[in-house]
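Notes for the structure review
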Amino acid sequence: SRTNSIEISQANYITLNNLDVKFANDRAVFLRNCTNAVLQGMTIHDSVNQDLMIGIGGGGDTISNSELYNSGLNSTFGSGSGLHIQNTTTASMIDHSYIHDVDNRLGDHAVYDESGGNTYSHNHFQSYSMAVKLGAPSTTLVYNLIENTAQGGIDIEALSNIKIYNNTIYQAGG
C-alpha cells in the first residue's frame, strides 16, 4: 500500500528542522491543508512519488536551506517531483534550497507549482526532465540557478502575472 513518511493534516505553525526523510513508499513529506509551516535544513530523498507535497488547502509555508532529490521512483504513481504545490490558498516562499535528480522519465519536474502566488528565490534546480513547471498565476522566480535539464528550464502554461528575473539557466533542453 502507499504510505507517506510524514503526513500532517489541518495543522498550523509547524516547524520541521534538520530532518533526513528517505525511502518513502509514496510521498516523503505531505502537508495537507496546513498553514505557516516552516521546513528548514531538511534532506528529503528517494521517494516513490514526490519528496514534498504541499496542498489541498493551506499554504503560507517557508521551505529553506533544504535538499530534495531522487523522487518519482515508481512510474505507476505518475510523474514524480521534488516539490509539488497544489491548491493552496496562501502563497509560500521557497528559498536557498537544492532540488535535483528527479526521476529520469520525461514529464517529471524538480518543482511543479499548481497553486501560484509562490516565490522561489536563490534555489538550485536540476532535473532529468523539466526543472520548474508553473501551472498557476502570480508566481515569482528570482535569483535561481536552473541547469542540466532534458526538456527545458521553465514551463509556463498560459498564465498571467508571472515574474521571472535574475535567474541563470544553463544547459536546459538538451
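Residues numbered from 1 in each chain as written. Predicted model: local features only at pLDDT ≥ 70, side-chain atom pairs only at ≥ 80, totals over all residues. Heavy atoms only, no water.

**A closer look at the side chain of Lys-133**
Looking at where Lys-133 falls in the secondary structure, it is placed in strand β16 (residues 130–134). Among the polar contacts made by the side chain of Lys-133, one reaches the side chain of Glu-157 at a distance of 3.0 Å. Those residues in contact with Lys-133 that lie beyond four places of it in its chain are His-109, Val-111, Tyr-112, Asp-113, Asp-155 and Glu-157. (Helix = DSSP H or I, 4+ residues; strand = E, 2+ residues; numbered from the N terminus. Polar contact = N/O pair within 3.5 Å; in protein donor to acceptor, adjacent residues only side chain to side chain. Contact = heavy atoms within 4.5 Å.)

**Quick look at the nonpolar core**
One finds Val-29, Leu-39, Leu-52, Leu-83 and Phe-125 to be the most contacted residues of the largest nonpolar core, which totals 33 residues. Secondary-structure elements contributing two or more residues to this core are β1 (6–9), β4 (29–32), β7 (50–55), β10 (81–86), β13 (109–114) and β16. For this core, the leading source of residues is β16, giving 3 residues. Apart from the residues lying within four places of it in its own chain, the contact partners of Leu-39 are Leu-16, Val-29, Leu-31, Leu-52, Thr-62, Ile-63, Ser-64 and Ser-66. (Core = buried A, V, L, I, M, F, W, Y, C linked by side-chain atoms within 4.5 Å. Buried < 20%, exposed > 50% of the residue type's maximum accessible area, 1.4 Å probe, protein only.)

**Points about unusual backbone geometry**
Positive phi values are uncommon outside glycine, yet Asn-65 reaches one of about 50°. In this fold, Asn-65 is placed in the loop between β8 (62–64) and β9 (67–69).

**Examining the environment of Phe-23**
You can see Phe-23 is positioned in the loop between β3 (20–22) and β4. Separated by 23 residues in sequence, Phe-23 and Asp-46 have C-alpha atoms that sit 4.9 Å apart. What Phe-23 contacts, discounting residues up to four positions off in sequence, is His-45 and Asp-46.

**Comments concerning the side chain of Thr-88**
Summarising the element assignment, Thr-88 is placed in the loop between β10 and β11 (93–95). Beyond its immediate chain neighbours, meaning those up to four positions away, Thr-88 contacts Ile-54, Gly-55, Gly-57, Gly-58, Gly-59 and Ser-115.

**Digging into the pattern of salt bridges**
Per the stated rule, a full pass over the model turns up 3 salt bridges. Asp-26 is paired through a salt bridge with Arg-27; the nearest N and O atoms lie 3.9 Å apart. Here Asp-26 matches Arg-27 in class, with each residue buried. With its nearest N and O atoms 3.0 Å apart, the salt bridge here joins Glu-157 to Lys-133. (Salt bridge = Lys/Arg side-chain N within 4 Å of Asp/Glu carboxyl O.)

**Here's the deal with the packing of aromatic side chains**
If you walk through the whole model with that rule in mind, you get 1 aromatic pair. Measuring from centroid to centroid gives 6.4 Å for Tyr-120 and Phe-125, while their planes differ by 70°, and the two rings are edge-to-face. A residue is classified by how much of its surface remains accessible, and Tyr-120, at 0% relative accessible area, is buried. On the basis of relative accessible area, Phe-125 is assigned to the buried category, the value being 0%. Arg-27 extends its terminal NZ or CZ atom over the ring of Phe-30, reaching a point 4.8 Å from the ring centre. (Phe/Tyr/Trp six-rings, centres within 6.5 Å; stacked < 30°, edge-to-face > 60°. Lys NZ or Arg CZ within 6 Å of the ring centre and 35° of its normal.)

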